[in-house]
Amino acid sequence: MGTYSAFRVFREGLRGQSGWGPAWRSPKPQAEYDVVIVGGGGHGLATAYYLAKRHGIKRVALIEKGWLGGGNTGRNTTVIRSNYFYPESTALYDLSVRLYEGLSKELNYNVMFSQRGMLILNHSEHESELAARAVNAMRLNGVDAEILDRSQIRKKAPLLNFGRDARYPIESAVWQGRAGTGRHDAVAWGYARAADRLGVDIIQNCEVTGFITEGGVCKGVETSQGPIRAGRVGVAVAGHSSQMATLGGYSLPIESYALQAFVSEPLKPMIDTVAFSPAHGSYVSQSDKGGLVMGGGLDRVPSYGQRGNLPMQEAVLGGLIEYIPAIAKVKLLRHWAGIVDVTPDSSPIIGPTSVPGIYVNCGWGTGGFKAIPAGGYLFAHCLAEGSHHPISAPFDLFRFTSGALIDEGAASGIAH
């Protein structure tokens, strides 16, 4: 069987893959659907899948102006975790981790979720004290978290700099064993194939140019392939959420920034967990292909650029070299950025807008990939039922009017 498969791969390569069918259809848009989803990234694809799978709504069109997963879904560092401070955040992100844990089986597609765990390093007595507070909150919220001492950290990541003369000596770490990484394109492709098989129309190279509004109610979208009417419209376009809001006539408290990431040349296995140092402002994991996948905080200059810059490169990589000196001579392979949408409280927005018929899934900041299954699951509930799931209710847009913010940026003090 292995020989046959290898021969078939070779033969298909010579023939231009003429013997393999597409993983999903490329239909022309129909005139009307029950639901139209704008955005073909992970959240949009997951929403389409759960609408069809869990709610039986199969007259769904997913519209993408480019190609599937071409935005943040294909431009991130793939960390998956649920170690958040507030119970509302924990409920949301741990739903996502639980869905990820069974996602390969559900979609019949290997999304390569590797639960290798995550270390958040503490470099002082004060950081360790705050970390203990955070771990207690996480445990009260029902997620796995523990404090590790230096010897326990060394066993999990011996390459870290444990010298007492380090710029920021390692004192302790918060450990979440269920955290890990996934394969970004596999998540998008798995949801796309599964949604297509349930009857969802996935329409690529179709740009939304406006919204069809009648009597103050949204009735569909105008696109580069003509008007498409729908009972409800869901918008999940990450960094372009404010642009869609301008077209739709609603407001969002969002700024878009470039979040930069890096990958090194392939190396032999050297670190089998995710290591993050808030003090250095950088984190790292190693991909299955051997490259070190590295990232840091936001470049706080509003931008729609998808290219990196040297100052952020210096900040992120300089920090990494401080706490993993062994990688100082490693060559950088690629450097890129994704456009992320950030809210004032560093928490997402899920639910209706001020325009009836338009719903949004946005504001994930740097945490969108880890939340794809939960974001799609909860957004599908809103679109199908016209009301919130209990987990999504705290993340309603109108919390910014009531003041019921969920400020994870201040509570956790870690990159999102």
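Residues numbered from 1 in each chain as written. Predicted model: local features only at pLDDT ≥ 70, side-chain atom pairs only at ≥ 80, totals over all residues. Heavy atoms only, no water.

**Some points on the environment of Pro-311**
Here comes step 1: You can see Pro-311 is positioned in helix α9 (residues 310-323).
Here comes step 2: Owing to a relative accessible area of 57%, Pro-311 belongs among the exposed residues under this scheme.
Here comes step 3: C-alpha of Pro-311 to C-alpha of Asp-299: the two residues are twelve residues apart in sequence and 9.3 Å apart in space. (Helix = DSSP H or I, 4+ residues; strand = E, 2+ residues; numbered from the N terminus. Buried < 20%, exposed > 50% of the residue type's maximum accessible area, 1.4 Å probe, protein only.)

**With respect to the nonpolar core**
Here comes step 1: In this structure, Tyr-50, Leu-92 and Tyr-191 are the most contacted members of the largest nonpolar core, which totals 50 residues.
Here comes step 2: Top element by residues in this core is helix α10 (residues 372-385). It accounts for eight residues.
Here comes step 3: If we skip the residues at most four places from it in the chain, Tyr-191 touches Leu-45, Ala-46, Tyr-49, Tyr-50, Leu-103, Leu-107, Ile-372 and Pro-373.
Here comes step 4: Of all hydrophobic cores here, the second largest spans 27 residues; its members include Ile-203, Val-237, Val-355 and Cys-362. (Core = buried A, V, L, I, M, F, W, Y, C linked by side-chain atoms within 4.5 Å. Contact = heavy atoms within 4.5 Å.)

**Let's talk about the environment of Gly-71**
Here comes step 1: For Gly-71, the location among the structural elements is in the loop between β2 (60-63) and β3 (79-80).
Here comes step 2: For the pair formed by Gly-71 and Phe-400, sequence separation is 329 residues and the distance between their alpha carbons is 27 Å.

**A closer look at the pattern of salt bridges**
Here comes step 1: Enumeration over the complete set of coordinates arrives at 13 salt bridges.
Here comes step 2: In this structure, the salt-bridge partner of Arg-25 is Asp-196, at a minimum N-O distance of 2.9 Å. Remark: Asp-196 occurs in helix α7 (residues 184-197) and Arg-25 occurs in the loop between α1 (2-15) and β1 (32-38); sequence separation between them is 171 residues.
Here comes step 3: The exposure class assigned to Arg-25 is partly exposed, which follows from its relative accessible area of 35%.
Here comes step 4: Across the pair Asp-94 and Arg-178 runs a salt bridge, and its minimum N-O distance is 2.9 Å. Remark: Arg-178 occurs in the loop between β6 (172-176) and β7 (180-181) and Asp-94 occurs in helix α3 (residues 87-101); sequence separation between them is 84 residues.
Here comes step 5: Each member of the salt-bridge network shares a partner with another, and the members are Asp-94, Arg-98, Glu-101, Asp-144 and Arg-178. (Salt bridge = Lys/Arg side-chain N within 4 Å of Asp/Glu carboxyl O.)

**A closer look at the packing of α3 against α10**
A packed helix pair is summarised by two numbers, namely the angle formed by the two axes and the spacing between the axes.
Here comes step 1: The contact between α3 and α10 brings their axes to 7 Å, and the two run at 105°. Taken together, the axes of α3 and α10 are roughly perpendicular relative to one another. Between α3 and α10, the contacting residues are Leu-92, Leu-95, Ser-96, Leu-99 and Tyr-100 on the first element and Ile-372, Pro-373, Ala-374, Tyr-377 and Leu-378 on the second.
Here comes step 2: Along the lines of polarity and charge, the residues of the contact of α3 with α10 split into nine nonpolar, one polar and no charged. (Axes fitted to C-alpha atoms, helices over the stretch in contact; angles between N-to-C directions. Parallel < 35°, antiparallel > 145°, perpendicular 65-115°, else oblique. Nonpolar A, V, L, I, M, F, W, Y, C, P; charged D, E, K, R; others polar.)

**Observations concerning the layout of surface pockets**
Here comes step 1: Estimated volume of the second largest pocket: approximately 490 Å³.
Here comes step 2: What lines the second largest pocket is a set of 25 residues, and nearest its centre among them are Arg-183, His-184, Ser-287, Lys-289 and Val-293.
Here comes step 3: Among the elements of the structure, β12 (255-264), β14 (282-286) and β17 (332-342) are those that each provide at least two residues to the lining of the second largest pocket.
Here comes step 4: Per-element tally for the lining of the second largest pocket: the top contributor is β17, with three residues.
Here comes step 5: Each residue belonging to the lining of the second largest pocket can be placed in one class, and the counts come to six nonpolar, 13 polar and six charged. (1 Å grid on protein atoms, 1.4 Å probe; cavity = no way out; pocket = protein on both sides within 12 Å on 5 of 7 lines; lining within 4 Å. Points joined across faces, edges and corners; volume = space filled by probe spheres on them.)

**With respect to the packing of aromatic side chains**
Here comes step 1: The tally for this structure, following the rule as stated, stands at ten aromatic pairs.
Here comes step 2: Taking the centre distance of 5.6 Å and the plane angle of 70° together, the rings of Tyr-50 and Tyr-377 count as edge-to-face. With a gap of 327 residues between them, Tyr-50 in helix α2 (residues 42-55) and Tyr-377 in helix α10 connect regions that are remote in the sequence.
Here comes step 3: By relative accessible area, which is 2% here, Tyr-50 ends up buried.
Here comes step 4: Take Tyr-377: its relative accessible area is 17%, and that puts it in the buried class.
Here comes step 5: A centroid spacing of 6.0 Å and a plane angle of 80° characterise the contact between Phe-276 and Tyr-283, whose relative ring orientation is edge-to-face. (Phe/Tyr/Trp six-rings, centres within 6.5 Å; stacked < 30°, edge-to-face > 60°.)

**Quick look at α2**
Here comes step 1: The first and last C-alpha atoms of α2 sit 19 Å apart over 14 residues, in line with the 20 Å expected at 1.5 Å per residue.
Here comes step 2: Taken across its 14 residues, α2 has eleven buried, putting it largely inside the fold.
Here comes step 3: Looking one or two residues past α2, Gly-56 carries a phi angle of roughly 70°, positive in sign. (Expected span 1.5 Å × (residues − 1).)

**A few points about the packing of α2 against α7**
Here comes step 1: Packing of α2 against α7 brings their axes to within 9 Å, and their N-to-C directions diverge by 30°. Of the possible angle classes, the one that applies to α2 and α7 is roughly parallel. In the crossing of α2 with α7, the sense of the turn from one axis to the other is left-handed. For the pair α2 and α7, contact is made by Leu-45, Ala-46, Ala-48, Tyr-49 and Tyr-50 and by Ala-188, Tyr-191, Ala-192, Ala-194 and Ala-195, respectively.
Here comes step 2: Split by residue class, the contact of α2 with α7 holds ten nonpolar, no polar and no charged. (Left-handed = near helix turned anticlockwise from the far one by under 90°.)

Just geometry here; none of it tells us what the structure is for.
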